[in-house]
Amino acid sequence: MRKITDPAQFGRVAVVMGGSSAEREVSLDSGRNVLAALKARGVDAHGIDGIPALLDALRAGHFARVFNILHGQHGGGEDGVLQGALESLHVPYTGSGVLGSALSMDKTRSKRVWQSLGLPTPKFVALPRGADVHAAAKEIGFPLIVKPACEGSSVGVTRVFEEKDLDAAVELAQKYPGDLLMETLIVGDELTVGILGRQVLPSIHIVPKGAFYDYNAKYIAEDTRYICPGLEGEAEASLRALSLEAFDALGCFGWGRVDVMRDREGRNWLLEVNTAPGMTSHSLVPKAAAVAGIDYQELCWRVLETSFREEQ
Ligand SMILES: Nc1ncnc2c1ncn2[C@@H]1O[C@H](COP(=O)(O)OP(=O)(O)O)[C@@H](O)[C@H]1O
Ligand SMILES: [Mg+2]
């Protein structure tokens, strides 16, 4: 990964945030923080709201590179669409490219790749619209979890312990576009691992006050506890190694965050990769970076360095 010492080497930087996805507000919060941090380090950085405004500014030659802190799919900035547009304009940008972004956005296809490589991910059934969910539940067994295959922020995710609650869970998940995913519910600890360049940050063990790390626990509740590093010794080392393998397997690049469940027997199970993770004051990657001795400004700087991908 190329090291930059002079902020002028970055040129004029567009920090693209907001946009039109369901995660707009979180992205704006992340983006404002990133923008302030880059400016404090002397980078000629400017905020841009959404992809159309960004593309206009790029075509007018206003920017040399892009810090992408959009979250979400359907052209929301995290799913490969923006990455493809930037490739076609030959504008360097932070984070994963077209393939890594698109594949990570699709949890079912991410799991298929991991499975084919022998990497551990909970047993699952892909549920296209109209699939027989009760037959799928028989195959998985209870308890299980139902989620939209391509959403984020835990929206539409339900834990199902008994058959009688299955239909309601499916109905909720179906409110979101795309296919559904049913998988074995892993009872145990929730961990997440940030990746920065080729460095794997210390894991975070997330201890929500409620039943699981739902939308409320992610963005609203103040009583979620974060333990970092989440594990010790060999267990921490193997979780970090697995996370980097999972990240690489999906063709991801630059930075991101891998979500994992650890069962009572100490086995790790891969859930998903986030290619433009949150950068708010509550967010996980900044917490893990801080424990690794990387303050928020330095974190933003290093993410921006990942835009020099040809010299990795
Ligand atoms: N197989 C599973 N077993 C146990 N908990 C799960 C499982 N899948 C998801 N969860 C819980 O639901 C949350 C959201 O699921 P995740 O797959 O990470 O999707 P997203 O964060 O994109 O909404 C996780 O953080 C975890 O708390
Ligand atoms: Mg997640």
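All of these numbers come straight from a predicted model, not from anything done at the bench.

Sorry if this is basic, but what is going on with the nonpolar core here?
Inside soluble globular proteins, nonpolar side chains tend to come together where they are buried. Grouped together as the largest cluster of nonpolar side chains are 86 residues, with contacts concentrated most on Val13, Val15, Leu38 and Met182. Residues in contact with valine 13, not counting those within four places in the same chain, are Leu38, Val43, Asp44, Ala45, Phe63, Ala64, Arg65, Phe67 and Leu304.

Even after reading the chapter, I still don't get the pairing of strand β7 (residues 180-184), so can you show me in this structure?
Here is the key point about a regular strand: its side chains alternate between the two faces of the sheet. Summarising burial for β7: four of the five residues are buried, a large majority. Here five bridges tie strand β5 (residues 144-148) to β7, and the two strands are oriented antiparallel to one another. Opposite valine 146, over in β7, you have methionine 182 as the bridge partner.

It is not clear to me how the sheet that holds strand β4 (residues 124-127) should be interpreted in this structure. Could you clarify?
Two orientations exist for strands paired in a sheet by backbone hydrogen bonds: parallel and antiparallel. One open sheet accounts for four strands, arranged β4-β7-β5-β6; its pairing is antiparallel. The strands lining the two open edges of the sheet, one partner per strand, are β4 and β6 (158-160). Adjacent strand axes in the sheet meet at a mean angle of 20°, parallel and antiparallel pairs treated alike. By the bridge criterion, four bridges tie β4 to β7 in an arrangement that is antiparallel. Note that in β7 the partner of leucine 127 across the bridge is leucine 180.

Explanation requested: the domain arrangement of the protein in the structure shown.
Size of an interface, as often reported, equals the accessible area lost when the parts are brought together. Domain boundaries assigned for the protein yield domain 1 (7-95), domain 2 (104-120 + 187-291) and domain 3 (124-184). Computed from C-alpha atoms alone, the centre-to-centre distance between domain 2 and domain 3 is 21 Å.

Whenever I open this one, the packing of helix α1 (residues 24-40) against helix α11 (residues 296-305) confuses me. Can you help?
Two quantities define a packed helix pair, namely the angle between the axes and the distance from one axis to the other. Across the interface, α1 lies against α11 with an axial gap of 9 Å and an inter-helix angle of 90°. Here α1 is positioned roughly perpendicular relative to α11, judged by the angle of their axes. Judged by residue contacts, Val34, Ala37, Leu38 and Ala40 of α1 engage Tyr296, Gln297, Cys300 and Leu304 from α11.

The rules we used
Residues numbered from 1 in each chain as written. Chains lettered and ligands numbered in written order. Predicted model: local features only at pLDDT ≥ 70, side-chain atom pairs only at ≥ 80, totals over all residues. Core = buried A, V, L, I, M, F, W, Y, C linked by C-beta atoms within 7 Å. Buried ≥ 20, exposed ≤ 12 C-beta atoms within 10 Å, placed from the backbone. Contact = placed C-beta atoms within 7 Å. Helix = DSSP H or I, 4+ residues; strand = E, 2+ residues; numbered from the N terminus. Pairing = 2+ DSSP bridges. Axes fitted to C-alpha atoms, helices over the stretch in contact; angles between N-to-C directions. Domains from an automatic or database assignment. Parallel < 35°, antiparallel > 145°, perpendicular 65-115°, else oblique.

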